[in-house]
Amino acid sequence: MSHRAWIGLGSNLDQPRRQVLSALEDLAGLPLTELSASSSLYGSRPVGPQDQPDFVNAVAVLDTLLSPLALLDQLQALEQRHRRVRQRHWGPRTLDLDILLYDDRVLDLARLVVPHPWLVSRAFVVQPMLEIDPELCLPDGQPLNRLSAAAPSNDLKRLSL
């Protein structure tokens, strides 16, 4: 049975626009997975430490036969192929991939929490998601478009290709 997974992408190191576009191509090549939609690219100030470059972000929608943890393993392997180094919390990175939603499931596992805990407080996640599906609802039934005003903008701007 196929599952719908929403993936957040972000980068602020080593040509961030190129990193995100390359990661979108990589997502399309994951085993047992099809890339069904992707948002525009967005630029924003970092969350957390401000002594780092601005981020380029996007959201992708995958249809996958992978379980949530198998998908997480694939995403973390993809981050490693993009030379991600975890030096500090919310610090700079070549690529960050997060499972935002997985069907309408609510998961609270040691390695994975879905919906993503900060989903509704990140405009760089909410706006790309609404670009793909303006009527999207969270697993609790709340329409995402009603929650979008609570997300700080971090100077979010849609980037031209």
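Relevant structure appears above.
All residue numbers refer to position in the chain's written sequence, counted from 1. Side-chain atom pairs in this predicted model are given and counted only at pLDDT of 80 or more, local residue features only at pLDDT of at least 70, and totals for whole chains, interfaces and linings cover all residues. With hydrogens and water set aside, each side-chain value is computed from the structure's full complement of heavy atoms.

A. Summary view of the environment of asparagine 57. Numbered from the N terminus, helices here are DSSP runs of H or I no shorter than four residues, and strands are runs of E no shorter than two. Within the secondary structure layout, asparagine 57 lies in strand 4 (residues 55-64). Along the primary structure asparagine 57 and serine 44 are separated by 13 residues, whereas in three dimensions their C-alpha atoms are 7.8 Å apart. Contacts are residue-level and defined by heavy atoms, with any inter-residue pair within 4.5 Å sufficient. Contact partners of asparagine 57, with chain neighbours within four places excluded, come to Leu9, Gly10, Ser40, Leu41, Tyr42, Ser44 and Phe124. Side-chain atoms alone can form a polar contact between residues adjacent in sequence; in general such a contact is a pair of N or O atoms within 3.5 Å, and within protein one must be able to donate a hydrogen while the other accepts it. Within the structure, asparagine 57 has its side chain in polar contact with the backbone oxygen of leucine 9 (distance 3.2 Å).

B. Fine view of the pattern of salt bridges. Salt bridge, as used here, is a side-chain nitrogen of Lys or Arg placed within 4 Å of a carboxyl oxygen of Asp or Glu. Applying the stated criterion to the full structure yields seven salt bridges. For arginine 4, the salt bridge goes to aspartate 63, with nearest N and O atoms at 2.9 Å. Linking arginine 4 in strand 1 (residues 3-11) with aspartate 63 in strand 4, this pair joins segments that are 59 residues apart in sequence. For every residue, the accessible area (1.4 Å probe, protein chains only) is compared with the maximum for its type, and the residue is labelled buried under 20%, exposed over 50%, or partly exposed between those bounds. The class for aspartate 63 is partly exposed, based on a relative accessible area of 21%. Three or more residues are tied together by salt bridges with common partners; here these are Asp14, Arg18 and Arg83.

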